[in-house]
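Chain residues, written in single-letter form:
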Amino acid sequence: MTQFIESVSTHQLLPPYRSENSKVHCFLFDISVGAIQKYCDTFLNLGEPSNRGFHYRPIAEAPFGLLSVTEYPALCSLDQKTAQSFGVKTQEWDHLRQTEFYVAVPVHRYRVTGGNVLVDPVIQWVQPIIITDNATSAFSGREILGLETLYGEIKSPPATKPGGLSFNVSLPSWVVFAPNSPQTMMPFVAINSGPPLAAALAQNAVNSSAIAQLEAAIPDLAGMLEGRFPETLELVILKQFRSAADATQAIYQALIICENRYSNVTDMTVYDPHSVTIDFQNGAMVREIIHTFLDVPTSTGLVVFKPVPGRKVGRSQAPHYTRPLVKMAVSFTATIDSMDIKTQFTFRDLVSA
Amino acid sequence: MPQFVQSVANQQTPPPYHFPGVTAHAFVIDIQMAAVQTYCDTYFNLGDERERGFVYRPFSVWPYALLMVVQYPLMINTNRTELGLDEIPFADRGYSSQNEVFLAVPLVRHGVTPQNLLLNAAIEWALPFIVVDNSTSAFSGREILGLEKLWGRIDLGSGQFPNGFSASVEIPGWSSLDPKAMQRMRRVLHITTGSPLPGVGHKSSVTSAWTMLESPIVLKSFQGLADAFDSLVTMSNGVIPTPMRLVALKQFRDAADPHRAIYQALVGARSKYYDIANLTLYNEQDVAITLDTSGSFAEIAKIFLPNTPGPATADPKVSIAAHAAFGFTANLDFDEMSTLHTFPVEGDDCASVDGGGAGMLSPWLRPWWGLINASGADPQLPNESAS
């Protein structure tokens, strides 16, 4: 084994991770099957299927994105070696706080047989967009797991409606792409909701098609939501690094899998999805992120997101911002473990330069 | 090597860069040669000496380091690589800005055999401690070049004295080794100067590092370097601060076992200062540099102050003496990125060999290498260590 050489700057949060009492806020919205397939082909299906032996596809019954804001009050590392290197015996190490914004999308991983037949579908999740407000977490997610974690600001201002949710996410980005355009901390997305629904109303407020979609991607959904047993969602991530000499080339490309286990689920709260607004702002970089990952056209003919009626329309005929139609909105508290991290497949010599 | 799957949203902006109008403040501080040798052996002299074919050592004739604070009002990416039909080249995306604080330590690298003793000889700078306040810069520096960039908050000001200078650096850290300690933003470094020395500020004739050395105070700071070279011209060509050739260990962790490396290589780049102007000198007696060595910052203290007792010290704030302090403005180019040497790593799932060899060539020999090397042989003799 070649030892990783620790230094001041590599003091990353090492997996596995645990965060108790995490507050999870989830919003479900539709994404087109074509957009998910494009993401799979760009980031997962590298090289020839017969060479790599697997193929990713959207789950036809679950073409959705799960937008989440998760507050981790005390995320920690369960890695033993780091603490031991400082002469400390402990199960948990390196506690930090963070809030994370991400969009997760379920996909099917098929095995490819000798006759190029796709068999044995397994559900995995991709995270095309992930933003954190903690730099240590961002470095760890990017450099260990390969997540494209962006560093930004995630704030929770007072909600406009009593008891509602309110989150503002900002990113260093550009309003327009031009040589004289300055990078600034720009709004990326604003999320607001009405107050929680009473139990009697909550059942009716949950969109039945949303439940069907979720159950297609999370077979044990009901048990998890009722806190009866934990649910494990398996992430798949393209981990890659650039060559220093030629930044268009990759020195390493692999698919990493990581199990996110939700347990001790409590405090389930349901919001009226019609009261939820998720507004992606209309900067150049924001448009590009949405276009790249969710295949939302940047000018006209929006497919997934709907323009807001009555908003200003710029010269490009783009809406002032784009707003997905939310089909379900819930919050709950849980213990989240990220564990069983493995290299599922290393791409070597599958793709010519 | 395969194509990197371009993802415009990943907050990387691959070099080269052009940084016009930077304002730099440099503080010459002691550094212990034994600590530098340990640093070289830990991060650069990996594996068997004969197999890798080179060795890094402290630049013993000048036992100092530069603690630098640099303001970049404009960071212009000059990378015009075509990214695809729908994507805009990095150079056309816009500019950014940042403040940066780093420690630069000069090293000597040379070959270990008679064949490559001089071919591989060079002076390079290691940057064992870097803080930037721009996350795009941090991600790019860490992931593309292997630079040890940390993200933090850097507040710059004029201190308590007219036209003086101050810098305060905060980074995320833990105040103790208590397993339950919560990470928070903590001040790790604080620098203040007095007012600039009279009569030497804004010297119009200072246009390069060479002319900057005409200042007796600056020259005195670098006298050891000057003695080691035939002339100041030679010195300014390779040592202070134009151009600085950087070296860094670029490495990545295995996802399943984060204590294992899947890639280790030495990466080089050039940081070239020019159009130097507005030289400002400070009395080194007026300079106060304070480093917090408590908690997780003890690791940083080991670089600056190898004899620091550790995190349990009664007064964790340690003063560092400056031998000279000066500021200047300049234009700065960052380019000539290369993989100097790829170390072999164990495992079938590890990264590709990323070139190497030609980058080890001495800068003085580089223009002539094509003429005298008709066979195209690798100058990094006798290393054939690519995995």
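Some details on the overall build of chain A
- In terms of regular secondary structure, chain A is built from eight helices and 15 strands.
- Within the span of chain A, comprising 353 residues, buried residues form 60% of the whole.
- Taken as a whole, chain A presents about 13800 Å² of accessible surface, with 52% of it coming from carbon and sulfur.

Re the interface of chain B and chain A
- Taken residue by residue, the interface counts 80 residues in chain B and 84 residues in chain A.
- Summed over both sides, the interface between chain B and chain A buries roughly 7500 Å², with carbon and sulfur atoms accounting for 57% of that surface.
- Summed over the three residues of chain B that lose the most area to chain A, namely Phe4(B), Arg253(B) and His259(B), the buried surface amounts to 11% of that side.
- Counting across the interface, chain B meets chain A through four salt bridges.
- Of the charged contacts, one joins Arg253(B) and Glu6(A) as a salt bridge, the two residues approaching to 2.8 Å between their closest N and O atoms.
- Here chain B and chain A share 36 residue pairs in polar contact (both at pLDDT 80 or more) between them.
- If you list the elements that add at least two residues to the side of chain B that touches chain A, you get helix H1 (33-43), strand S4 (95-111), helix H3 (135-145), strand S6 (149-151), strand S10 (244-253), strand S11 (261-282), helix H8 (298-304) and strand S14 (322-342) of chain B.
- For the side of chain B that touches chain A, the element with the most residues is H3(B), which contributes eight residues.
- Across the side of chain B that touches chain A, the residue classes tally to 41 nonpolar, 20 polar and 19 charged.

A closer look at the packing of helix H4 (residues 135-145) of chain A against H3(B)
- The contact between H4(A) and H3(B) brings their axes to 11 Å, and the two run at 35°. Both H4(A) and H3(B) take part in a crossing whose hand is right-handed. Taking contact as the criterion, the partners of Ala138(A), Phe139(A), Arg142(A) and Glu143(A) in H4(A) are, on H3(B), Ala138(B), Phe139(B), Arg142(B) and Glu143(B).
- When the residues that make up the contact of H4(A) with H3(B) are grouped by side-chain class, the tally is four nonpolar, no polar and four charged.

Some details on the packing of aromatic side chains
Residue and element names in this part refer to chain B.
- Tallied over the entire structure, the rule returns 27 aromatic pairs over all chains.
- Look at Tyr 17 and Phe 334: their rings are 6.0 Å apart centre to centre, the planes differ by 35°, and that puts the pair in the tilted class. Remark: Phe 334 occurs in strand S14 and Tyr 17 occurs in strand S1 (residues 17-30); sequence separation between them is 317 residues.
- Note on Tyr 17: relative accessible area 14%, which makes it buried.
- By relative accessible area, which is 9% here, Phe 334 ends up buried.
- Between the aromatic rings of Tyr 39 and Phe 44, the centroid separation amounts to 5.7 Å while the plane-to-plane angle is 80°, which identifies the pairing as edge-to-face.
- A network of ring pairs unites the aromatic residues Tyr 39, Tyr 43, Phe 44, Phe 54 and Tyr 56 as a single cluster.
- If you follow Arg 52 out to its NZ or CZ, it ends over the ring of Phe 54, 5.7 Å from the centre.

Considering the state of the cysteines
- With the rule as written, the count across this model stands at zero disulfides over all chains.
- For Cys258(A), which is in no disulfide, the shortest distance to another cysteine sulfur is to Cys76(A) and amounts to 14 Å.

A short note on the pairing of strand S3 (residues 64-77) of chain A
Residues and elements named next belong to chain A.
- By the criterion of burial, S3 is predominantly enclosed, with 11 of the 14 residues buried.
- As judged from the 11 bridges shared by strand S1 (residues 17-30) and S3, these two strands associate in the antiparallel manner. When the sheet's bridge partners are listed, Arg 18 is paired in S3 with Cys 76.

Examining the nonpolar core
All names here are of chain A.
- By size, the foremost hydrophobic cluster in this structure holds 53 residues, and its most contacted members are Phe 64, Trp 125, Leu 214, Tyr 252 and Tyr 262.
- Element by element, the count of residues in this core is highest for strand S11 (residues 250-271), at eight residues.
- Excluding residues that lie within four positions of it along the chain, Leu 214 makes contacts with Leu 28, Phe 64, Leu 66, Leu 221 and Met 328.
- By size, the runner-up hydrophobic cluster in this structure holds 50 residues, among which are Phe 29, Val 189, Tyr 271 and Ile 289.

A look at the confidence of the model for chain B
Residue and element names in this part refer to chain B.
- For chain B, the mean per-residue pLDDT works out to 81, and 74% of the residues sit at or above 70.
- Mean pLDDT per element in chain B: helix H7 (residues 232-238) is the minimum at 42, and strand S7 (residues 153-157) is the maximum at 98.
- A low-confidence stretch, residues 381-387 (pLDDT under 50), is modelled with 21 contacts involving residues beyond four sequence positions or located in other chains.
- The ipTM value of the predicted complex is 0.89, and its pTM value is 0.88.

A few points about the sheet that holds S7(B)
Residues and elements named next belong to chain B.
- Taken together, five strands build an open sheet; the order of strands is S7-S8-S9-S12-S13 and the sheet is antiparallel. What marks the edges here is a single partner per strand, and that holds for S7 and strand S13 (317-320). The mean angle between the axes of side-by-side strands here comes to 20°, regardless of whether they run parallel or antiparallel.
- Where strand S8 (residues 166-173) and strand S9 (residues 184-192) come together, eight bridges link them in antiparallel fashion. Bridging from a neighbouring strand, Ser 166 pairs with Thr 192 of S9.

Some words on the pattern of salt bridges
Residues and elements named next belong to chain B.
- A full pass over the atoms with the stated rule returns 17 salt bridges over all chains.
- Close ionic contact of Asp 292 with Arg 186 constitutes a salt bridge, the shortest N to O distance being 3.7 Å. Taken together, the positions of Asp 292 in strand S12 (residues 288-292) and Arg 186 in strand S9 put the pair 106 residues apart, joining distant regions of the chain. For the residue pair Asp 292 and Arg 186, the accessibility class agrees, reading buried in each case.
- Residue Arg 245 pairs with Glu 336 through a salt bridge whose shortest N-O separation is 3.1 Å. Of this pair, Arg 245 sits in strand S10 while Glu 336 sits in strand S14, placing them 91 residues apart in sequence.

The rules behind these values
Every chain's residues receive numbers from 1 upward, in the order its sequence appears when written. Here chains are named by letter from A upward and ligands by number from 1 upward, in the order in which they appear as written. Selection of residues for local features in this predicted model requires a pLDDT of at least 70, selection of side-chain atom pairs for listing and counting requires 80 or more, and totals for whole chains, interfaces and linings are taken over all residues. With hydrogens and water stripped out, all remaining heavy atoms of the structure feed into the side-chain values. Secondary structure elements are taken from DSSP: a helix is a run of H or I of four residues or more, a strand is a run of E of two residues or more, and numbering for both begins at the N terminus. Burial classification: accessible surface area is computed with a 1.4 Å probe over protein chains only, and a residue below 20% of its type maximum counts as buried, one above 50% as exposed, and the rest as partly exposed. For the area figures, the Shrake-Rupley method with a 1.4 Å probe applies, and any residue is considered shielded solely by the protein chains shown. Note on contacts: a residue pair is in contact if any heavy atoms of the two residues lie within 4.5 Å. Two parts placed together each lose some accessible area under a 1.4 Å probe, and the buried area is that loss summed for both. Here, a salt bridge means any Lys or Arg side-chain nitrogen found within 4 Å of an Asp or Glu carboxyl oxygen. We call two N or O atoms a polar contact when they sit within 3.5 Å, provided that within protein one can donate a hydrogen and the other can accept it, with sequence-adjacent residues counted only if both atoms are side-chain atoms. Under the grouping applied here, Gly and all other residues not named as nonpolar or charged are polar, the nonpolar ones being Ala, Val, Leu, Ile, Met, Phe, Trp, Tyr, Cys and Pro and the charged ones Asp, Glu, Lys and Arg. To define axes, lines are fitted to C-alpha atoms, for helices over the stretch in contact only, and angles between the resulting N-to-C directions are given on a 0 to 180 degree scale. By definition, any crossing whose near helix is turned counterclockwise from its far helix by less than a right angle is left-handed, and any crossing with a clockwise turn is right-handed. Under the pairing criterion, centres of Phe, Tyr and Trp rings, with the six-membered ring standing for Trp, must be within 6.5 Å; the plane angle then separates stacked pairs below 30 degrees from edge-to-face pairs above 60, leaving the rest tilted. Lysine NZ or arginine CZ positioned within 6 Å of the ring centre and within 35 degrees of the ring normal marks a charge as sitting over the ring. Cysteine sulfur atoms are paired as a disulfide whenever they fall within 2.5 Å. Here, strands pair whenever DSSP counts at least two bridges between them. Residue types Ala, Val, Leu, Ile, Met, Phe, Trp, Tyr and Cys, when buried and joined through side-chain atoms within 4.5 Å, form a set referred to as a nonpolar core. The predictor's confidence in any single residue is recorded as pLDDT, a number from 0 to 100.

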